[in-house]
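A closer look at the structure
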Amino acid sequence: MRLRRKTPPGGRLVSPSYVVTVSKGIFIAMSSSTPTSTPAALEIRNLQVEFDTFGGVVKAVRGVSYAVAPGQTLAVVGESGCGKSVTVQAVMGLIPRPPGRVTSGSALLKGGVDLLALTEAEARQYRARDIAMIFQDPMTSLNPTMRIGDQIAESLVVHKGMSWEASRAEAIRLLDRTRIPEASSRSRQYPFEFSGGMLQRAMIAVAVACRPAVLIADEPTTALDVTIQDQVLELMREIQREEKMAIVLITHDLGVVARMADEVAVMYAGQIVEQGPVGSIFKNSSHPYTLGLRQAMPSSDGSRTRLLPIEGSPPDLFRPPVGCGYCARCPFAMQVCEFHSPPLFDVGSGQSSACWLQHSEAPRSRDSRLHQKGKAPA
Ligand SMILES: Nc1ncnc2c1ncn2[C@@H]1O[C@H](COP(=O)(O)OP(=O)(O)OP(=O)(O)O)[C@@H](O)[C@H]1O
Ligand code: SF4
Ligand SMILES: [Mg+2]
């Protein structure tokens, strides 16, 4: 059965900050954000990033919007190359120019300053102090020629105006806090003298030194063994609880998502395809790609013994499809999917899904694993 309408009438669609009503083929956007006392620690709106390459322009991020509240963790998941890292690199001003560029979008810090509208010199003042990032490979952010303690102290001197003496004392406290043994003597060592797990913890100490409102962690534990991974995650949670820090956590590990996340954003081919509270996203997946991801990854409790890879490969981002990016791989694809890109539909409980199956006139899926709110046409 196929959903044949080219443009659905009367659909109610959502993005984090806009309600979009489809009426006679025209998309009308209205602000939906009810004024709240606490603004999001970080809110990314309609971010688009592209890269010039010899093969043409890669549209790596295509209109990504997500937000994370103070004290909450947003996990961003999706297959390799879907734009998870480029999104946060854009927010941190780390897109190499050329070949990359941010072509539109904003990244609001605590509901105020737009990080993407600042000059490089202005943005530098916010990095480390208000928003910090930890990477999979600590050596990409630690200076190999500088003592670990001085690297932590330096950001306190620069951003908090503390004296070197006080900053070095604070650096030792932070290393101790991140359970680096003999923190005082270790603070005088260089990165090459630290093990992988200790480097990761030192990097967290550098990142949280100025008590940023937002910590971005791009696969922070992928290279670590399970025991060290546990310690690093627990440490991040502890510091988050104390500082009410918002965390954007990029990971391939659904076990880590289940343990750490309050909210989840699922990315595919440079777009968010589903987002919502962690419990409902994985229990009541509303997007066929999320369902595919679940089946392709080990479950957090180890109960899933047979993993099913998602057939096919993501679309070419040189020429992204005009319709749904998942269309060529989706077992539920309809005619409308090929020619019209699905917006985010509100599916209730704070969950939204960019899938035409969630339209009120879509045929109901016979697959009970796919949570559907839409009604079948009469
Ligand atoms: N410097 C660059 N030049 C050209 N293309 C780039 C560049 N950096 C990233 N890209 C492209 O942007 C897209 C998104 O990359 P990104 O690193 O964000 O993926 P990812 O979701 O983080 O993947 P992974 O899980 O493997 O880390 C990819 O298609 C990638 O090839
Ligand atoms: S919009 Fe269509 S192709 Fe895309 S995920 Fe939904 S059913 Fe599949
Ligand atoms: Mg990445």
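In the block above lies the structure referred to throughout.
Digging into the overall build of the protein
- Across its full length, the protein holds 11 helices and 14 strands.
- Within the span of the protein, comprising 378 residues, buried residues form 44% of the whole.
- Partitioning the intrachain contacts of the protein with sequence separation of at least 6 by distance along the chain shows that 61% fall at a separation of at least 24.

A look at the site of ligand 1
- In the neighbourhood of ligand 1, 16 residues make up the surrounding shell, with Phe51, Ala60, Ser80, Ser85 and Val86 lying closest.
- Elements with a contribution of two residues or more to the shell around ligand 1: strand 4 (42-53), strand 5 (56-68) and helix 1 (84-91).
- Per-element accounting of the shell around ligand 1 gives the leading share, 3 residues, to helix 1.
- Of the residues that constitute the shell around ligand 1, the class distribution is 8 nonpolar, 7 polar and 1 charged.

Remarks on the pairing of strand 11 (residues 263-268)
- Where burial is concerned, most of strand 11 is hidden: 6 out of the 6 residues are buried.
- Residues Glu263, Ala265 and Met267 point to one face of strand 11 and Val264, Val266 and Tyr268 to the other, with burial holding for every one of them.
- Here strand 6 (residues 73-77) pairs with strand 11 via 4 bridges, running parallel. By the bridge assignment, valine 76 is partnered in strand 11 with alanine 265.
- Bridge count between strand 11 and strand 12 (residues 271-277): 6 bridges; the pairing is antiparallel. Residue valine 266 lies in a different strand from strand 12, and its bridge partner there is glutamate 274.
- Counted along the chain from strand 11 to the antiparallel partner strand 12, the turn is 2 residues long, and its residue alanine 269 has a positive phi close to 50 degrees.

Topic: the sheet that holds strand 5
- Across the sheet, which stays open at both edges, the 3 strands sit in the order 5-4-7 with antiparallel pairing between neighbours. Edge strands, defined here as strands with exactly one partner in the open sheet, are strand 5 and strand 7 (100-109). Strand-to-strand twist across the sheet, computed as the mean angle between neighbouring axes with direction ignored, equals 10 degrees.
- Where strand 4 lies against strand 7, 8 bridges are found, and the strand directions are antiparallel. Considered in strand 7, the bridge of arginine 45 is made with serine 106.

Focus on the site of ligand 2
- Residues in close proximity to ligand 2 total 14 residues, the closest being Cys324, Cys330, Ala333, Cys337 and Cys355.
- Taken together, the residues of the shell around ligand 2 break down into 13 nonpolar, 1 polar and no charged.

Quick notes on helix 3 (residues 148-160)
- Here helix 3 is 13 residues long and its end C-alpha atoms lie 18 Å apart, about the 18 Å a rise of 1.5 Å per residue gives.
- Those residues of helix 3 lying buried are Ile148, Gly149, Gln151, Ile152, Ala153, Ser155 and Leu156.
- Directly beyond the C-terminal end of helix 3, a positive phi value near 70 degrees is found at glycine 161.

Some words on the nonpolar core
- Core analysis: the biggest nonpolar cluster contains 103 residues, and Leu42, Ala202, Val248 and Val266 have the highest contact counts within it.
- With 9 residues, the top contributor of residues to this core is helix 6 (residues 196-208).
- Both of domain 1 (48-261) and domain 2 (267-378) provide at least three residues apiece to this core.
- Those residues in contact with alanine 202, other than ones at most four positions away along the chain, are Pro138, Leu142, Ile148, Leu175, Ile180 and Phe194.

Notes on unusual backbone geometry
- A cis geometry characterises the amide bond from arginine 97 onward to proline 98, with omega recorded as -15 degrees.
- Mapped onto the secondary structure, proline 98 falls in the loop between helix 1 and strand 7.
- At the junction of proline 98 and proline 99, the peptide bond is cis and its omega measures out at 15 degrees in the coordinates.
- Of note in the backbone geometry, asparagine 46 takes a positive phi value of approximately 45 degrees without being a glycine.
- With respect to the element layout, asparagine 46 can be found in strand 4.
- We note that arginine 211 has phi near 50 degrees; this positive angle belongs to a residue other than glycine.
- Checked against the element boundaries, arginine 211 lands in the loop between helix 6 and strand 9 (214-218).
- The exposure class assigned to arginine 211 is partly exposed, which follows from the 15 C-beta atoms found within 10 Å.

About the criteria used
Residues numbered from 1 in each chain as written. Chains lettered and ligands numbered in written order. Predicted model: local features only at pLDDT ≥ 70, side-chain atom pairs only at ≥ 80, totals over all residues. Helix = DSSP H or I, 4+ residues; strand = E, 2+ residues; numbered from the N terminus. Buried ≥ 20, exposed ≤ 12 C-beta atoms within 10 Å, placed from the backbone. Contact = placed C-beta atoms within 7 Å. Near = placed C-beta within 6 Å. Nonpolar A, V, L, I, M, F, W, Y, C, P; charged D, E, K, R; others polar. Pairing = 2+ DSSP bridges. Axes fitted to C-alpha atoms, helices over the stretch in contact; angles between N-to-C directions. Expected span 1.5 Å × (residues − 1). Core = buried A, V, L, I, M, F, W, Y, C linked by C-beta atoms within 7 Å. Domains from an automatic or database assignment.

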